[in-house]
Every structure is written in structure tokens, then in C-alpha cells.
Amino acid sequence: MAASMDIVIQKYFAENSEEAAKELAKDLNKNSDRFLAFIEQLESHLTSTDNVTRGRATQFIGDVLELLPVAFLTTEQTEVVARFLLAKLCDTHSVQPHALKSLAVLTNRCKLLPNGLPEDICRTIFREIQNQTLSHSDRRSTYSIFQNLLGYSNKAVEQMGGDFVIGFIQQMDAEKDPRNLLICFNIAHYVSSRMPLGPFTEEMFEVLGCYFPIDFVPSPNDPQCISKEELVSGLRKCLAATADFAEYSLPLFLEKMTSDLQEARKEAMLTLIACAPVYRGRLTAYLGSLTSTLKREILMNISNDLVSAARQCIQAVYSAISPDELVENSMNDTLSASIVELYQDSVKYFDGSDTKKSCLAFSMFTSVAAASAKAFCVVTPLVLPSLLSHCSQSSQVSDQLLYMKELKDLVSLIQQFNSYKDVVQVIKDNHNALLELYETKLNQTDNIDLQLKSIEGITLLTSPSLCDAIDKAQVFATTLLQKSLHITDPLLRKSVLSSLHNLVLQSPSLGPDIVKSLTQACDSGAINLVFDTLVQVVVNKDLFQIVNEFLLQRLSEVKTEDVSDALERIKSLARLFVQMKSDEQCVGLFLHTTVLQLLQSSVASTLQWTDASRECCALYMTEMRNFFKTLSQYLEKSDIISMWNRLTQLMLESNTTNIGIVGDFPTLKPLQPTSPWQHTRLITLLEGFITGGDIQAMVDHRETIFESMFILSQECEDSFTRASACRCLAVIFNKAPIGGEIHWLLEPLLERLRQALSPDRPLMNRLRALNTWLWLTKASECRGHSATSILSSYLFALLDDSELGPDVATGLAMIVQDMDDVFSPALRSNVTPLYKQRFFSLNIRTLLEGYERNKATGRQEHFLTAISSVTSYLPLQVLKPHLAKLVPMLLLGLKQDNSSLSNTLTLVSSAILHATEEVTPSVDELTNQLLDLAHTHKAMKVRILSLQCLESMTSLPVHKISPLQTKVVSNLARSLDDKKRLVRKQAVSARCAWISLGKSKK
């Protein structure tokens, strides 16, 4: 065994040192007792007269130890090895680095060092090692040893006290390597925060402060190099490690804050933010200088970053000197005196002569007020009167907006300090003035931004903690109600309704009166706005019950021909359910009243729809589908099971009593394709419920429903019913549990569809089968099912069909389109990431080959349309690798007047901007196509997109498009006379871009 070890040792010195270390470590790992024998075997090399040999032998110990498990050596073995390595530190300068590296490995792998050993290691290094004379990698070994000892033997090192502190300072002094500095900063932070620095405080600060601020640019050729941010963070932690650094740090920070370098000023402020909570009372001596410097930085407004840093810094400083508890509001303490002094220095900026500077000054005091509750109580009485005056007296709307923003920021601080009585009282003292200002701006201005800020302010001021009188809240509620019945701007309306909701939430007693006022307003017009507002004010069960009954009553009064009114009421009921979906009692009430009444209404309407009202019925049933989709999306599993049973009994058994219809009612057979279209359209209720709900809860009769939907999709004469049945089939297939059930559902169905698609069948039957196949392919692609390849391959084969080819080509767009209303994670659908990209990547080659193969047959247009349909809905990054082949296809696609032309133009525009090399060779043909479309196409959208593409072409290389300049400018003149204003506007933009082509490139 000794002979084999000796062979490995000889191999280390003669050949591959890394392989030899691995081989020896593997052997030693079986028996830790042999480690000392290994060192004995190294005796001749360790005692060699050759310095290089002794050094390599010393490092061999570390190399092997690094490959052994942690804590592999016993305590006795660890001490023997460590003492030996310490002795090697006394060897020549060329051996010391190897001993340091092995010692670094030892202290990292052996966590339990014998008593006294950590101290001996430190003292030996301090005595024998002149760190500044070593290379940066060897110095890293020294720092790693200290870091390991502080991690695993910290108590022993801490007992050394000042000896370790001054020793480390001497070793770290003048370090420049960024990796080493990062380790040094970690050690310095630990030492400064955990060990008393005593007389060496200034020395520790000096060795750290010389690096402030960090000026380091990482090497672009080293991806693993230390970043500047890491060094900045490490140094910042060091300077914030102890309050003892304050007397040295603060003068340094002040010096850097007045530097000509913006980066230095910013870093000084950000570092002070980190240090302020630690320095606390030590800041008082420098408070005047700090606030004066920060005030100057804010008011100079050189850059947003500097202003932001200065505001954060002044807040941190005042927060640090604030008392822990809010004491008597006296102006004699340090905090109050400093704020008053700052105010007196800044009051000249509040006169409004310079709006920007005034707002900067106000923002500075807002930051001061945010420092603490005490600071807020001092600042607000000083600043608020001036701010209110500017808000009310400024004549320019832009100035009013700036001042209103500052007012909002100041008043919003009440939310931060609302637990302090003194803070609340300060706002109450100015409550009436604030309310008067906000109400004036809300009622007397047409500016939406001013109204928004006014609403936000009043909402804050009418909170129960600030507004004792309910009459003030009532007045505000009345104002908001009036606004809600007239405002149509989406942003302002959202703010009004949100404020009204919060107001009722905070003062529930206002709810009944508000609801009563809204119900009375239904007869005065703007009924849609009334319903929207009604839903927003519902915050509890009582209001829910009132509003729910009111909406149901209004729905029951709607006549069949007034379908638009019915749609709005159904939408409002859906929003009402979403609003209170977390309240179990409201959900239960909704299921037993609202849902049953809507089911009754849908079933009863089957007797009223006529052929003349087919379109109205389609709109009504579509909205009912959306309602049931929303309902099932948020129901618990038990409620889904209950509602599923009701719906299946209605559809399969014509059980109308189960939904509350009493007495004789004509038999319904919605799942029979021969039933009247008024009956079959009821399946949209089932479709919506399945789309939004958890399929795992819909177990009973699921296979029967699936089979019935398939039959309807093929045999029903009503197109609306067939479309609903196809979607329902696709959703069930997409959501079906993983396992054999999917194949059991799919395989027989595909065989029947293949038969229906055979050429000998009538064209109408084939088109119906094709539509079903497309929906199943979409469902399969979304969930990434194994049947996807079968489904898509069959579709591509149908492109060769002379009858179905065009329909297949356009239908392929559906597979890559977003259909979040049918397939989305929010609806519990199985949607795999990047399924559209996967479909394109797997099939683009088939489409391109099919196009080439059918050039002689005349069916290449099918493949061209298919390529255009698929690529129109994919991001350019996916298409870019294939653009060289796709661009000619896209140009041909521009000649086809189909539904995907608009999407093709959008894709062409993106290709022009981001894939110049692929587009440039076809620039002549592309220009002709676009000019023709821009002038002759009947669709306004296509003409606009064509003009946008032409404008994008000016980004192509000048030498390629400059020969076309005269032609394009001349032809675009025709579009200036287009009958549509938007087309003329885009034509002007495109023509100007081409006219200025040469100048812009120069």
C-alpha cells in the first residue's frame, strides 16, 4: 500500500498533479488514519533543499485535503497538520504561499479546531507574513484563513481583541484586487460590528475610508469578475458597522457631497442613508452642515437620481435623530429646532415665483415629515398653509397639478402615522381647509388629472380616523354619486368608483342611502352607469341582497326585443358575483336565487325567440355563456358539482322542475340535433360552465355530454349551436384528466371525423367535420398532448384537397391565435408554454415543402395562405431563423385578399424593422405590392398598415431604397386624397419620411 502511495506521489511531482491528488484522495477517503502516513511519505520532498519541491509538497497536502470530505480529519490530526503548516510559514518566501493555500483549505474543511490553534494561526501569520509582498491569489489565501476562522472559531478570534484588529489592518493595508477586497470588506464588517475596536478605530476607518467612493470598472472580458455594486455594498456595510466610525465618516461624506463628481455625491448620500440608523445621536454635531448640503442638492435639481438620493438621505438623517416615541410637541428639542431652522432657510422658495423650485422645497419637507411622527407634527403646520395657498391661487393648470401632487404626498403620510393621536390632530386642525380645496377642484375644473388628485385627497380625508362627522362623508358620497352618473373617462371613473367603494366600506351606514339614490336614478337615464356604480358600492351581505334583487327585478322587466338592456343587467350580475365571491353567504344566496332565475329566464325565452330574433338570441345566449363561465370560475368544488347536476338534468332529462319552473312546460331536448334552434342554443349555458369550471368536479354524464356535443357539431342545422358544441368538445378534451380517458374519448371520435371528411361526403358535412377537427387540434396543441402530431398531420394533408384546402389554410390561424376566453390558466385550462412556437417549428418545413411540391398543380395557394395564417400570429423572434425562406412567401401573401392580410402586413412591418438583411433583397417587389394595397384596397385598416410598412422601409439601407424615392413619393400623393382621415394622416407621415430620406440618413 505504501508502495502504491509512493507511486502516486511521484506521479504528482512528475506528471499530472490534479489526477494524482484525486487518486490519492480517493484512496485516503477509505481510512482517515492514513493521512498522517501520507505526510510521512512526503518527508523527502518536504525536507528537500530545493525550494520549489518543498513548496509543491506543502501544497500537495492542501490539494488532497480539499478533495476529502468536510471534517475528515480528527482533532488530533488537524492540530498536527496545522502545526506543521505553521512551521512552513517560517520557511523561505517561496514556500510561504503554498503553506497559506494549504492552511486556507485546512481551516475551511476542518471546522472544529483545537483550543489555542486559531490564535496561533493568526499570530503566526501576523508575525511571519508580509502580505503586501505576495501575489493577489496568495493574499487571497491569507484573507480566506481569517474569514474561515471568524466563521468557525469566532469566539477564539474575538478573545484576541485588539491584537487581531491591528494585525488584520496591517495585512489588509493597500489591498487593490477586487476579489480580495470583497473578502476584506466582509471580515472588516464582522470585526467592526462584533469586536471592540478600541484605540484602533481610526486605523480601521482609514484602511476602509481610502476606498470611498468605490471607483472600479469591471473588465468586459471577464464574465465572472466582481461587479462594482458588490464592492460598493461591501464597503457600505463596513462604514455602517459601528457608530464609532461616525466622527470620521461624516466629515468624509460631507466632503464628497460637495464634490464636482455627481457619482461621488450620490454615493456619499446613499452610504449616509445606510449609516444614519447606526450613527443616530452622533449625527447631531453635523446636522446643520448635512441638512444645508442636502437642501442645496435638492434645489439645484441637477438630475432626478441626485434629488431622489438627497430626499431619501434627509429623511434618513431626521429619522435617525427622532425620538423613539412621540413626545410633547416642543420646539426646543434638537429635531424641532433643526426643522425650523431648515424652514427659515427655505421659506424664500415658497413665494411661488419659481414653481419648480417651490415644489422641490415642498418635496424636501415632505421627505422630512416622512422621517417620523414627531417630524410630521413639526413640518405640517409650517408648510401646509403655503401649499394650500398655492394650490388654490395658481392660475395655470400645470402649476396646480404640481402643487396638488406635493399636497397629496404630504397628506398621504397620515396613513403612515395614523396610530399617533398628535399626527391625526394636526390633520384635523387643517381638515376643513383641505376638504374645501379638494371639493372646489373636483367641482369647478374640467381637468381630469386635477379631479383625480381631488378624489384621492377627499377619500383620504373622509376616513373614520380623520372625519368624525358622518355628514361630511355623506356630502362627499353625494358628490361622488353625481360624478359616477356622468363621468365616462375610464381612468377618472375608476377612481370615482374606487373612492365610493372605500367610503361605503369605511362608513357602512351610508350604504343603504347610496343604493336607494342609485335605484331611483335608473329612471333618469344613463342606466349602464347606474348599474356599474351599484355593483361597486356593494360591500356586505345586506347591500348584496338589495342590489341583487333590484337587478333581477329589472331583468325580469326587460322585453325580448330589448336585448341590449338584458345584456347590461346580466353583465352587472356577473360583476356583482365577482365582487362578493369571497363571502360564502352571498355566494349561497346568489346560487339559490340569481342563478336559478337566470336559468328559468333562459329556458322560458325559448318560447319567445322567433326567426326574426335569431341575432338577438345569439347575443343573449353569448352573454349567458359568459355569465356561467364567470360563475364556475370562482365556485368551490361542491358548488360546481351541485350546479353541474342541475344543468345535466336539464339538458339530458328535460328536468325543468330542478331549476324552479313549476307547472306544465314543453319538453326540451337541447342535445337533440333535430330540436328547434331555440332549444339547442341552451347548450351555451353548459359550454360556459365547463369552460370556466373544474372538470374534475364534472364527473357524472361527462362522456354522454361529450358524445352529444359531437353529434350536435355534425348534425345540427343551427350554426350558432354547432360553434358552441365545437368549443365545448375542445374544452372537455383540453381539461380531461391525464390518462386513458383522453384516448377513450378521442380515438372513436377521430375515426368518425375521418369518415365525414372523406371526399365522397357532401361538402357541408365535410366543412362541419373540419371545423370540429380544427378545434380538437387547438385543444391538443394547448395541452401538448401526444395526439397533436396525428391531428396536425391530417390537417396538412387536407391542404391538397381542392374543396377543403382553402378552408384548412385559413383555419390554421386558429391554432396559433390567443383564445384566452376559452383556453387560459385562469379558466383551469391546460396551456403549455410556447405551444404556438412549437407548432410552427415542427410544421413549417412541411408547409414549405408542400408549397414547392404543388407549384405545378395550382394548389400552392393553399399552402401560401396557410403559411401566412400561421406566421401572422407569431413573434418575430420565432420567425427570424426562417425569414430568408418566408419573406418571398409573405410577399405572395400580400396578393391574397383574405382575413389574414392585416396580420401579414403587421408581420412584414416588423420584419422590415428587425430583419433588414432578409427583407432587402426583395425591396423592389415589396414596394410595388405596398403601394398597390395603399391605394386600391377597400379595407381602411389594410391601407393604413400598408402605409405604415412603407414608412418603415425608410429604415432600410439608403443605397438600396434611394432609387425608389421618386416613385414612392409620387405614388403616395394619391393616398393624400383618400376619403378616410386616418389614411390621409398616415400617408402624410409616410410621404414625409420618404421625402426626407437622404437628409435623415445624413
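By the naming in an unreviewed UniProt entry, the protein chain goes by MMS19 nucleotide excision repair protein and is assigned to Biomphalaria glabrata. Under the UniProt heading Subunit (unreviewed entry), the note attached to the protein chain is "Component of the CIA complex."

> Can you walk me through the overall build of the protein chain in this structure?
The helix and strand tally for the protein chain stands at 55 helices and 0 strands. Compactness check: the protein chain gives a C-alpha radius of gyration of 39 Å against a globular reference of 30 Å for 1002 residues, more than 25% above the reference. With the C-alpha coordinates aligned to their principal axes, the bounding extent of the protein chain is approximately 105 × 85 × 75 Å. The buried share among the 1002 residues of the protein chain stands at 54%. With 96 positive and 111 negative side-chain charges, the protein chain shows a spacing of 6 Å between the two charge centroids.

> Would you mind going over a negative patch on the surface with me for this structure?
A cluster of acidic residues, E202, E203, E206 and E247, forms a negative patch on the protein surface. Here the element with the most residues in the negative patch is helix α13 (residues 201-209); it accounts for 3 residues. E202 gets classed as partly exposed once you look at its relative accessible area, which sits at 41%.

> Hey, could you run me through unusual backbone geometry in this one?
Residues F212 and P213 are joined by a peptide bond in cis, for which omega reads -10 degrees. Secondary-structure assignment places P213 in the loop between α13 and α14 (228-239). At R280, a position not held by glycine, the phi torsion is positive, near 40 degrees. Relative to the elements of secondary structure, R280 occurs in the loop between α16 (262-279) and α17 (287-300). Given a relative accessible area of 31%, R280 falls into the partly exposed group.

> Before we go on, may I ask you to explain the environment of F216 in this structure?
Relative to the assigned elements, F216 resides in the loop between α13 and α14. It is 62 Å that separates the C-alpha atoms of F216 and Y794, two residues lying 578 residues apart in sequence. When near neighbours in sequence (up to four residues on either side) are disregarded, F216 contacts P178, I226, S227, K228 and L231.

> Is there a simple way to explain the nonpolar core in this structure?
Membership of the largest hydrophobic core comes to 344 residues, with the highest contact counts inside it found for F35, F38, F164 and M204. Ignoring anything within four residues of it in the chain, the contact list for M204 reads V165, F168, I169, A188, V191, S192, L197 and F245.

> What exactly am I supposed to notice about α16 here?
Given a rise of 1.5 Å per residue, 18 residues ought to cover 26 Å, and the 25 Å separating the end C-alpha atoms of α16 matches this to within 8%. A bend of about 35 degrees at I273 is the largest found in α16, and the proline P277 appears one to four places after it. Of the residues making up α16, those classed as buried are A264, R265, E267, A268, M269, T271, L272, C275, A276 and Y279. Considering only its buried residues, α16 is in contact with α14, α15 (246-257), α17 and α18 (304-321). R280 sits one or two positions beyond α16 and adopts a positive phi of about 40 degrees.

> Before we go on, may I ask you to explain the pattern of salt bridges in this structure?
In a structure, side chains of opposite charge can pair up when their charged atoms sit close to one another. All told, the structure shown has 35 salt bridges when counted by the stated rule. E79 is paired through a salt bridge with R83; the nearest N and O atoms lie 3.4 Å apart. Separated by 4 residues within a single helix, E79 and R83 lie in helix α6 (residues 75-88), roughly one turn from each other. Given the relative accessible area of 28%, E79 is considered partly exposed. Residues R845 and E849 are paired through a salt bridge, measuring 3.0 Å at the closest nitrogen-oxygen approach. On the criterion of helical spacing, the pair formed by R845 and E849 is a turn pair, its members being 4 residues apart in helix α44 (residues 835-853). With relative accessibility at 41%, the residue E849 sits in the partly exposed group. One continuous salt-bridge network, built from bridges that share partners, spans D611, R614, R681 and D718.

> Sorry, what's going on with the side chain of T927 here?
Structurally, the position occupied by T927 is in helix α50 (residues 923-936). Of the polar contacts made by the side chain of T927, one reaches the backbone oxygen of V923; its length is 2.7 Å. Residues contacting T927, with those up to four places away along its chain left out, are L950, M953, L964 and V968.

> Just checking my understanding: could you explain the side chain of S713 for this structure?
Here S713 is to be found in helix α37 (residues 702-715). Under the relative-accessibility criterion, S713 is labelled buried at 1%. In this structure the side chain of S713 is engaged in a polar contact, spanning 2.6 Å, whose partner is the backbone oxygen of F710. Ignoring anything within four residues of it in the chain, the contact list for S713 reads R722, A725, C726, L729, R768 and T772.

> Can you help me understand the packing of aromatic side chains in this one?
Two measures describe an aromatic ring pair: the distance that separates the ring centres and the angle between the ring planes. A full pass over the atoms with the stated rule returns 30 aromatic pairs. Considering the side-chain rings of F627 and F628, the 5.4 Å spacing of their centres and the 80 degrees angle between planes classify their relative orientation as edge-to-face. The same class applies to F627 and to F628, which are both buried. Of the aromatic side chains, those joined through ring pairs into one cluster are Y12, F13, F35, F38 and F60. Lying over the aromatic face of Y634, K581 brings its terminal NZ or CZ to 5.1 Å of the ring centre. Of note, R754 hangs over the ring of Y794, and the distance from its end group to the ring centre comes to 5.8 Å.

> Any chance you could explain the environment of L891 here in plain terms?
Tracing the sequence through the fold places L891 in helix α47 (residues 883-893). It is 58 Å that separates the C-alpha atoms of L891 and P666, two residues lying 225 residues apart in sequence. Look past the residues within four positions of L891 in its chain and what remains in contact with it is S922, E925, L926 and Q929.

> Looking at this model, I keep getting lost on the state of the cysteines. Mind explaining?
One covalent bond between the sulfur atoms of two cysteine residues makes up a disulfide. Tallying each qualifying case throughout the model produces 0 disulfides. The closest cysteine sulfur to the non-disulfide-bonded C275 is located on C313, 9.7 Å from its own sulfur. Its sulfur unpaired, C391 is 8.5 Å from the next cysteine sulfur, which belongs to C359.

What counts as what
Residues numbered from 1 in each chain as written. Predicted model: local features only at pLDDT ≥ 70, side-chain atom pairs only at ≥ 80, totals over all residues. Heavy atoms only, no water. UniProt positions renumbered as here; feature names shortened; annotations may be inferred. Helix = DSSP H or I, 4+ residues; strand = E, 2+ residues; numbered from the N terminus. Rg over C-alpha atoms; globule rule 2.2 N^0.38 Å. Buried < 20%, exposed > 50% of the residue type's maximum accessible area, 1.4 Å probe, protein only. Lys, Arg positive; Asp, Glu negative; His and termini not counted. Charge placed at Lys NZ, Arg CZ, Asp CG, Glu CD. Patch = residues over 30% accessible without salt bridge, like charges linked within 9 Å, V, L, I, M, F, W, Y side chains within 5 Å. Areas by Shrake-Rupley, 256 points an atom, 1.4 Å probe, with all protein chains shown as cover. Salt bridge = Lys/Arg side-chain N within 4 Å of Asp/Glu carboxyl O. Contact = heavy atoms within 4.5 Å. Core = buried A, V, L, I, M, F, W, Y, C linked by side-chain atoms within 4.5 Å. Expected span 1.5 Å × (residues − 1). Bend = angle between axes of the 7 residues up to and from the residue. Polar contact = N/O pair within 3.5 Å; in protein donor to acceptor, adjacent residues only side chain to side chain. Phe/Tyr/Trp six-rings, centres within 6.5 Å; stacked < 30°, edge-to-face > 60°. Lys NZ or Arg CZ within 6 Å of the ring centre and 35° of its normal. Disulfide = S-S within 2.5 Å.

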